[in-house]
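Topology and contacts: notes
So you can see what is in the structure, the chains are spelled out below.
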Amino acid sequence: MSPDTTPSAPDATTTSKVMCRFQSYRSAMDSKNDKHERIVKISRDITIASKRIIFGLHRILPDNTKEHEGILKEAEGKLTALKPQFVKIGEELKGEDVYRFHRAFTNGVQEFIEAATFHHGLKSLTIPTISHLQEQYMGATCPLLLTDYLQGLADLTGELMRMCICFCSRGGPERGHQLRELLYQVNSALTMVEPVPKMKQKMEVMGQSLGKCERANYTASVRSAEVLG
């Protein structure tokens, strides 16, 4: 007779160990997913607040120069008020692999970078460094990755283009020229960096924004020459 080759059933101890292991996997995945959702919610709140700041900064117009300082001060306060949100993200990421949760907070950080650099650019006609933004608004615990900073700068060019065209078309050509020069600075800096896949489309849009600024400044210069002539 051939020997019995029927596999024996696992004993209760082996089954219990396997179940315990899978339960630990389930707990780890649930914990990770819950943390991811909390970070996404914080990021979403930052995105909404940043969009409102950008919208408020577009209230700066050539014919309301007396209100410019107040608008900039209001935006500064709103930017500073977001720091606790970044602290929360830092607390969630403590002891974690940042890149494991990067997709959860990158959109909020990029939108914030766009708002903060837009405010800084309108106030001083310069671009803040990544370290300045980290120290001034975000704190040391929340990571600010270079890729997020660069993508936020690329998005900034669209806001500069809109503001430049507004000033050129409404009697503020000098300010429009200054904003075009600032856009040139951003463009020059970003073209020196090898673009990551997500940056390629933004770089194309940035080039289009620069062209629109050029045309707006040219039209304003022609009109000014006609008036003086």
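Our structure's up above, just so we're on the same page.
Here's what I pulled together on the structure shown here. Keep in mind the model is a prediction, meaning the values are calculated, not measured. (Residues numbered from 1 in each chain as written. Predicted model: local features only at pLDDT ≥ 70, side-chain atom pairs only at ≥ 80, totals over all residues. Heavy atoms only, no water.)

What follows deals with the packing of helix H4 (residues 102-124) against helix H6 (residues 146-169). Between H4 and H6, the least distance of the axes is 7 Å, while the angle of their chain directions is 45 degrees. When the axis of H4 is compared with that of H6, the two are oblique. You can see that H4 and H6 cross each other, and the crossing is right-handed. From H4, His102, Phe105, Thr106, Val109, Gln110, Ile113, Glu114, Thr117, Phe118 and Leu122 reach across to H6, where they touch Thr147, Asp148, Tyr149, Gln151, Gly152, Leu153, Asp155, Leu156, Glu159, Leu160 and Met163. Along the lines of polarity and charge, the residues of the contact of H4 with H6 split into 10 nonpolar, 7 polar and 4 charged. (Axes fitted to C-alpha atoms, helices over the stretch in contact; angles between N-to-C directions. Helix = DSSP H or I, 4+ residues; strand = E, 2+ residues; numbered from the N terminus. Parallel < 35°, antiparallel > 145°, perpendicular 65-115°, else oblique. Left-handed = near helix turned anticlockwise from the far one by under 90°. Contact = heavy atoms within 4.5 Å. Nonpolar A, V, L, I, M, F, W, Y, C, P; charged D, E, K, R; others polar.)

Examined against the element boundaries, aspartate 148 turns out to sit in helix H6. Residue classification places aspartate 148 among the buried residues on the basis of a relative accessible area of 0%. Those residues in contact with aspartate 148 that sit more than four places away from it in its chain are His102, Phe105, Thr106, Val109, Gln110 and Ile113. (Buried < 20%, exposed > 50% of the residue type's maximum accessible area, 1.4 Å probe, protein only.)

Here we come to the state of the cysteines. A disulfide bridge is the covalent bond that connects two cysteines by way of their sulfur atoms. Throughout the structure, instances matching the rule amount to 0 disulfides. Cysteine cysteine 166 is unpaired, with the sulfur of cysteine 168 as its nearest cysteine sulfur at 9.3 Å. Given a relative accessible area of 18%, cysteine 166 falls into the buried group. (Disulfide = S-S within 2.5 Å.)

A few words now on the packing of H6 against helix H7 (residues 173-191). H7 packs onto H6 with a crossing angle of 160 degrees between their chain directions and a minimal axis gap of 9 Å. Comparing the axis directions of H6 and H7 gives the class roughly antiparallel. H7 is crossed by H6, and the crossing has left-handed handedness. On H7, the residues that touch Leu150, Leu153, Ala154, Leu156, Thr157, Leu160, Met161, Met163, Cys164, Phe167 and Cys168 of H6 are Pro173, Arg175, Gly176, Leu179, Arg180, Leu182, Leu183, Val186 and Leu190. Broken down by class, the residue content of the contact of H6 with H7 amounts to 16 nonpolar, 2 polar and 2 charged.

Bringing unusual backbone geometry into the picture now. The backbone of leucine 125 shows a phi angle near 60 degrees, a positive value even though the residue is not glycine. Inspection of the secondary structure assignment puts leucine 125 in the loop between H4 and helix H5 (130-138).

With respect to the helices and strands, arginine 223 occurs in helix H8 (residues 197-228). Relative accessible area serves as the criterion here: at 49%, arginine 223 is assigned to the partly exposed category. For the pair formed by arginine 223 and serine 169, sequence separation is 54 residues and the distance between their alpha carbons is 10.0 Å.

Remember that the coordinates give geometry; whether it matters functionally is a separate question.
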